[in-house]
Amino acid sequence: APGTLPRVMSVPDWKAVYEAKCRELQELREQHVEFQKTTEQVDKQLENQIEQATSQAERLEKRLADLNMRVKAEKKKLKEETEGEAQLVKVIAALDKQLGEMHTKHDKLLESKKELDSIHTRVSQENIELRERLDDAEEENVLLEQDLKSMQQNKAENIQRIKDQLRDVQHELSAMLLDKGSKTSQ
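Residues numbered from 1 in each chain as written. Predicted model: local features only at pLDDT ≥ 70, side-chain atom pairs only at ≥ 80, totals over all residues. Heavy atoms only, no water.

**Q** Quick question: what am I supposed to make of the environment of Ile119 here?
**A** Of note, Ile119 is situated in helix α2 (residues 85-185). Residue classification places Ile119 among the partly exposed positions, given a relative accessible area of 31%. In the structure, Ile119 is positioned 30 residues away from Val89 in sequence and 45 Å away in space, judged by C-alpha atoms. (Helix = DSSP H or I, 4+ residues; strand = E, 2+ residues; numbered from the N terminus. Buried < 20%, exposed > 50% of the residue type's maximum accessible area, 1.4 Å probe, protein only.)

In structure tokens, the structure reads:
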């Protein structure tokens, strides 16, 4: 599990792990910042493309509705007129062709919009995953700092205890030497 390290490492080893984790954390932060900048740029581009695609789809839908109305009007008008039947067939065929082209363009725009939405979702998910990695690294860094402080405190306590013991031994040795010196002089 992250942050769980064996307790047998020496202080220099802990410092090395701590420094490596700090560097890794800094790299992750830099990557995260760069990724966020890139994500923001991609988001803006995707939003612009989506807006353009939506706007174009709306224009095409309006034009399609206008063409449908025009086709209906032309059909009605041409049916009422008995003359110019050949012209009627040409106009209807041209309008039907335009209508088919508009349907094709509209379908392509909808497909492009779906792809852009998918890319936007994937980029957002990658941003979330990178943030989670950064949070995990920061949490592990905090745990390492706590372990290092604890080891430093234990080290200081052990050094003080050894100094106290050494002082006591020196006093005992001095007392023994004085006692031995006074016995030999008698």
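**Q** Help me understand a negative patch on the surface, please; the structure alone is not making it clear to me.
**A** A grouping of Glu126, Glu129, Glu132, Asp136 and Glu139 is seen on the molecular surface, where their side chains present a negatively charged patch. By relative accessible area, which is 47% here, Glu132 ends up partly exposed. (Patch = residues over 30% accessible without salt bridge, like charges linked within 9 Å, V, L, I, M, F, W, Y side chains within 5 Å. Areas by Shrake-Rupley, 256 points an atom, 1.4 Å probe, with all protein chains shown as cover. Salt bridge = Lys/Arg side-chain N within 4 Å of Asp/Glu carboxyl O. Lys, Arg positive; Asp, Glu negative; His and termini not counted. Charge placed at Lys NZ, Arg CZ, Asp CG, Glu CD.)

**Q** Would you mind showing me how to read the side chain of His106 here?
**A** With respect to the helices and strands, His106 occurs in helix α2. Setting aside its immediate chain neighbours within four residues, His106 contacts Ala57, Leu60 and Glu61. (Contact = heavy atoms within 4.5 Å.)

**Q** Looking at this structure, how should I read the environment of Asn141?
**A** Among the secondary structure elements, Asn141 is positioned in helix α2. Classification of Asn141 by relative accessible area gives buried; the value is 9%. A C-alpha to C-alpha distance of 9.7 Å links Asn141 and Glu24, two positions 117 residues apart in sequence. Not counting chain neighbours up to four residues away, the residues in contact with Asn141 comprise Tyr18, Cys22 and Leu25.

**Q** What am I meant to see in the environment of Thr121 here?
**A** In this fold, Thr121 is placed in helix α2. Residue Thr121 is classed as exposed on the basis of its relative accessible area of 53%. As for Thr121 and Asp43, which are separated by 78 residues in sequence, their C-alpha atoms are 9.8 Å apart. A distance of 2.9 Å separates a polar side-chain atom of Thr121 from the backbone oxygen of Asp117. (Polar contact = N/O pair within 3.5 Å; in protein donor to acceptor, adjacent residues only side chain to side chain.)

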